[in-house]
Amino acid sequence: MSKPIARLSKPFRNSLGIGASAIAALALTVGAGLSLMDRPSAYAAGEEFSGTQKQAIEQIVRDYLLNNPEIMLEVQQAFEAKMDAQREAHMAAALSAEAGALFHAKAAPSVGAADADVTVVEFFDYNCGYCRRAIKDIAALVEGDKKVRVVFKEFPIFGADSEAAARVAIAAKEQGRYWDVHRALFEHGGKVNEASALAIAKKLGLDMDKLKADMVSDATTAEITEVRDLAEKMGIQGTPHFFVGDKIIPGAPEDLLDQLKARVAQVRKGEPLVEDAVAVVVPPVAERSCPGRRRSAGTVAGSRMLLARGALSSAPGRLGDGSGARRTAAPIPRPALDLERRFLETGGQR
């Protein structure tokens, strides 16, 4: 059974928009029928409906919808199926086109064997409760499989505090302490910000002067910017998000470790890899993920997976405008923020 995730899974305005379109289409169909019966030549000439015709159309549409409310659900489902198909096609193409940046970026922090035969990629935010819950599974995977490497994509979607924590972690990489800081940030109780991240680094014995300088270096800024750009190209707007070959795990399901192991085994057996872009496995919304922030207030199509929003074109819903300028984020809807805050306060427990 699907469980709730920390985001608005179907924005109500999307349902209203889809419903309104369905009603409009039904009204036009009914109206066309009435007009053709009453005045075929007038309809062909493009004349407007009379007041009596409009009332009749409205009543017919109202009665039909009241007697057949399931039509609204059918419209929603058909729309989602269409978006799912488009999203999967986009993701297959993106996986092939961006394989180098996704799996082999030289500057990306990682943990595990340098000569690993399988690479796992994770997009995450230190203030995402689901990412926090996933860290134990990532650690177990790396510690239990010496031929796996995990590449970390610092994707701070929760604002300035998350970006500050990401900068601390990336800077720690210059001292060979990324993995230590990474784990400690997730083990920290409550929200992580610059002060708490620096305190963690100091406790771990890092050179604080060097760390602070590296936090604001061009290399650190470039890493964050490149990951944001990559996430936009891949259509990723939520965390955590995992890639293993051409297999995708959006969110942090309760059996995350088992899923990761299974996908690693599939890659080792020689099943289709990202270069082939043959099959994209996208599990349904039983997974859990934190909500991404979107720049545009435009309508974004609902989908069973968060990454589908804004992923299919340069239309509303993109993470950035492609200008290369530093991006700002629009607020996450209050209900989603409240849900995520409660999740953080309880240490990832429901």
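That block above? That's the structure.
The present account deals with the structure reproduced in this document. Everything numeric here is computed off the predicted structure, so don't read it as measured data.

1. Looking at helix α10 (residues 208-215)
No. 1: What α10 keeps buried is the set Met208, Leu211, Asp214 and Met215. Seen along its axis, α10 keeps its buried residues to an arc of 125 degrees; they face one direction.
No. 2: The elements touched by buried residues of α10 are α7 (160-173), α9 (194-203) and α11 (218-234).

2. Quick notes on the pairing of strand β5 (residues 241-244)
No. 1: Burial along β5 is two-sided: the face carrying His241 and Phe243 and the face carrying Phe242 and Val244 are both buried.
No. 2: Where strand β2 (residues 118-124) meets β5, 4 bridges bridge the pair, whose relative direction is antiparallel. Of the residues in β5, the one forming a bridge with Phe123 is His241.
No. 3: Here β5 pairs with strand β6 (residues 247-250) via 4 bridges, running antiparallel. Within the sheet, the bridge partner assigned to Phe242 lies in β6 and is Ile249.

3. Concerning the nonpolar core
No. 1: Counting residues in each nonpolar core, the largest one holds 66 residues, and the members touching the most others are Phe123 and Phe243.
No. 2: A total of 8 residues in this core trace back to one element, the largest contributor, which is helix α6 (residues 129-144).

4. Here's the deal with unusual backbone geometry
No. 1: The omega torsion of the bond from Thr239 to Pro240 falls at -5 degrees, within 30 degrees of zero and hence cis.
No. 2: Along the chain, Pro240 turns up in the loop between β4 (238-239) and β5.

5. Some thoughts on the packing of aromatic side chains
We describe a pair of aromatic rings using the distance from one ring centre to the other and the angle between the two ring planes.
No. 1: Under the defined criterion, the tally for this structure stands at 8 aromatic pairs.
No. 2: Summarising the aromatic geometry, the rings of Phe124 and Tyr126 are spaced 5.1 Å apart at their centres and angled 75 degrees between planes, so their arrangement reads as edge-to-face. Residue Phe124 shares its accessibility class with Tyr126, and that shared class is buried.
No. 3: Their ring planes at 20 degrees and their centres at 5.7 Å tell us that Phe152 and Trp179 sit as a pair that is stacked. With a gap of 27 residues between them, Phe152 in strand β3 (residues 148-154) and Trp179 in helix α8 (residues 178-187) connect regions that are remote in the sequence.
No. 4: For Phe152, a relative accessible area of 0% puts it in the buried group.
No. 5: Since its relative accessible area comes to 17%, Trp179 is described here as buried.
No. 6: Ring-pair connections join several aromatic residues into one group, and the members of that group are Phe124, Tyr126, Phe152, Tyr178, Trp179 and Phe186.

About the criteria used
- Residues numbered from 1 in each chain as written.
- Predicted model: local features only at pLDDT ≥ 70, side-chain atom pairs only at ≥ 80, totals over all residues.
- Heavy atoms only, no water.
- Buried < 20%, exposed > 50% of the residue type's maximum accessible area, 1.4 Å probe, protein only.
- Helix = DSSP H or I, 4+ residues; strand = E, 2+ residues; numbered from the N terminus.
- Arc of directions from axis to C-beta.
- Contact = heavy atoms within 4.5 Å.
- Pairing = 2+ DSSP bridges.
- Core = buried A, V, L, I, M, F, W, Y, C linked by side-chain atoms within 4.5 Å.
- Phe/Tyr/Trp six-rings, centres within 6.5 Å; stacked < 30°, edge-to-face > 60°.

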